[in-house]
Amino acid sequence: MMPEDSLTRPSPFRLTLAPDDFFASVEHEEALSRLWYLAEQRAPVGVLSGISGTGKTFLLHVLARELSQVGVEAILLDATSLDRHELLWRIVEALGLGPDVEDSPLWLWSRLTDFLEGQKSTGQRLAFMIDHCQTLDPAAAHVLRRLLSLSVGCESNVTWIFAIGRSEEHAFLSWLEESSGLKIDLPIWSSARCDEFLRWRLARSEYSLPIFTKAAVDRLYTRSRGIPLEICRLADLALLAGSAEGRELIGAETIDCVAQELIRDRESSRPGTVVFD
């Protein structure tokens, strides 16, 4: 049932990277365990892939937090639409090497080489995660190729993890997947997993179940295509609409209405920041 203060309390389907909001589905737990293994074995490279919205970004944030808790230095870099020089500069900056905005690529590569060569002697494990690699152009992707070659050659104790939104447009990154010691693909959810997620989020927010009719859950799954990000967006809008209309239960017709509204919004505006990519 819908609580009386549902319009004022935080939505259980809000799009955040808060640790408590991470739903440890079977699929995400398996991916997290495999990434852990990658870091523990000090493997040089791993690839996390999946279509947009399956939770790659959230998973990397969880991994970074958990690795840091056991003494493994973890760095997460969002590479969205960075060009060749920006990507190199941001990597050097994230490593704490103090680059200046006017530093040349030659200087940046020199600093990066010195760091990687020195990293081996420290014995300190480092996991460097680069998200949204599919948004890089081929020239920027060349930075990743050179970076991996350099890191492996130095035996630097650095594990590089690259997150790639799966699409035909990132074919120029196929070499990265082929050179990876471990490739993990996040799948879309089944209808049963979608239902499990909805119940888990609602129960954590102290909503009295049920909130969605079975028809609504089925429609939400169909409309979202099993993509976690889309499930959150639709459920959030449906909950808001149901609260505003004073409904005790949210039906399939409400899901259809908010889905159409979401489509219109996307057609008329630029997409916002994706936190559950």
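Per-chain numbering applies: the sequence of each chain, read as written, is numbered from 1 onward. For this predicted model, a pLDDT threshold of at least 70 governs which residues receive local features, and a threshold of 80 or more governs which side-chain atom pairs are given and counted, while totals over whole chains, interfaces and linings are taken from all residues. Side-chain metrics in this entry use all non-hydrogen atoms of the structure; hydrogen atoms and water are not considered.

Asks: Got a sec to walk through the nonpolar core? Specific residues and values, please.
Replies: The definition of a nonpolar core used throughout is a set of buried Ala, Val, Leu, Ile, Met, Phe, Trp, Tyr and Cys residues joined through side-chain atoms within 4.5 Å. With a 1.4 Å probe rolled over the protein chains alone, any residue whose accessible area is under 20% of its type maximum counts as buried; one over 50% counts as exposed, and the rest are partly exposed. Leu 87, Ile 91, Trp 160 and Leu 176 are the most contacted members of the largest nonpolar core, which has 38 residues in total. Strands are runs of DSSP state E lasting at least two residues, helices are runs of H or I lasting at least four, and both sets are numbered from the N terminus onward. Within the residue set of this core, elements represented by two or more residues are strand 1 (45-50), strand 2 (73-78), helix 3 (84-94), helix 4 (105-122), strand 3 (126-131), helix 5 (138-154), strand 4 (158-165) and helix 6 (174-179). The element best represented in this core is helix 5, accounting for 8 residues.

Asks: I'd like a rundown of the pattern of salt bridges, residues and numbers included.
Replies: Should a side-chain nitrogen of Lys or Arg be within 4 Å of a carboxyl oxygen of Asp or Glu, the pair is scored as a salt bridge. What the rule picks out here adds up to 13 salt bridges. Note that Lys 214 is salt-bridged to Asp 218, the shortest N-O span being 3.0 Å. In this pair, Lys 214 and Asp 218 both sit in helix 8 (residues 214-224), 4 residues apart, roughly one turn of the helix. Sharing partners across several salt bridges, the network here consists of Arg 14, Asp 21 and Arg 204.

Asks: Quick rundown of the pairing of strand 5 (residues 182-185)? Include the residues and the values.
Replies: With burial as the criterion, only one face of strand 5 is covered, namely that bearing Leu 182 and Ile 184; the residues Lys 183 and Asp 185 on the opposite face remain uncovered. Between any two strands, pairing holds if DSSP finds at least two bridges. With 4 bridges joining them, strand 1 and strand 5 adopt parallel strand pairing. Each bridged residue has a counterpart across the sheet, and for Gly 46 the counterpart in strand 5 is Leu 182.

Asks: So what's going on with the confidence of the model for the protein? Which residues, and what values?
Replies: pLDDT: the predictor's confidence for each residue, scored from 0 to 100. Of all residues in the protein, 91% attain a pLDDT of 70 or more, and the chain-wide mean is 88. Looking at the elements of the protein, mean pLDDT is at its lowest for helix 6, recorded as 81, and at its highest for helix 3, recorded as 97.

Asks: Give a description of the side chain of Asn 157 that names residues and reports values.
Replies: The topology assignment puts Asn 157 in the loop between helix 5 and strand 4. A relative accessible area of 19% places Asn 157 in the buried class. Counted as a polar contact is a pair of N or O atoms within 3.5 Å, where, for protein atoms, one must be capable of donating a hydrogen and the other of accepting one, and residues adjacent in sequence contribute only when both atoms are in side chains. Only 3.5 Å separates the side chain of Asn 157 from the backbone oxygen of Lys 120, close enough to count as a polar contact.

Asks: Go over the packing of helix 8 against helix 9 (residues 228-244), please, and point to the residues and values.
Replies: For every element, the axis is a line fit to its C-alpha atoms; helices are fit only across the contacting stretch, and the angle between N-to-C directions ranges from 0 to 180 degrees. Here helix 8 crosses helix 9 at 130 degrees, and the two axes come no closer than 9 Å. The angle between helix 8 and helix 9 places the two elements in the oblique class. As helix 8 packs across helix 9, the resulting crossing turns out to be right-handed. Mapping the contact onto sequence places Leu 220, Arg 223 and Ser 224 in helix 8 and Glu 230, Ile 231, Leu 234 and Ala 235 in helix 9. Polarity classes work like this: nonpolar for Ala, Val, Leu, Ile, Met, Phe, Trp, Tyr, Cys and Pro, charged for Asp, Glu, Lys and Arg, and polar for all others, with Gly in that last group. A breakdown of the residues in the contact of helix 8 with helix 9 according to their chemical character gives 4 nonpolar, 1 polar and 2 charged. Geometric relationships in this document are graded by angle, where less than 35 degrees denotes roughly parallel, more than 145 denotes roughly antiparallel, 65 to 115 denotes roughly perpendicular, and other angles denote oblique. Take the far helix as your reference; a near helix turned counterclockwise from it by less than a right angle gives a left-handed crossing, and one turned clockwise gives a right-handed crossing. The contact definition used throughout considers only heavy atoms, calling two residues in contact when any of these lie within 4.5 Å.

Asks: Summarise helix 4; cite the residues concerned and give the values.
Replies: Compared with the 26 Å implied by 1.5 Å per residue over 18 residues, the 26 Å span of helix 4 between its first and last C-alpha is a close match. For helix 4, every residue scored as buried is listed here: Leu 108, Trp 109, Leu 112, Phe 115, Leu 116 and Gln 119. Buried residues along helix 4 cover an arc of 125 degrees about the axis, so they all sit on one side. Counted as exposed and oriented over 90 degrees from the buried face of helix 4: Leu 106 and Ser 121. Lining the buried residues of helix 4 we find helix 3, strand 3, helix 5 and strand 4. Phi for Gly 123, located one or two positions after helix 4, is positive at around 75 degrees. How far a helix is expected to stretch is found by multiplying one less than its residue total by 1.5 Å. Directions are taken from the helix axis to each C-beta atom, and the arc is the one they span.

Asks: Can you break down the sheet that holds strand 1 residue by residue, with the values?
Replies: With parallel pairing, the 5 strands of this open sheet are ordered in space as 2-3-4-1-5. With partners counted over all chains shown, the strands left at the sheet margins are strand 2 and strand 5, one partner each. For this sheet the average axis-to-axis angle between neighbouring strands, irrespective of direction, equals 15 degrees. Looking at chain direction, strand 1 and strand 4 are connected through 6 bridges and run parallel. Directly across from Ser 49, in strand 4, lies its bridge partner Ile 164.

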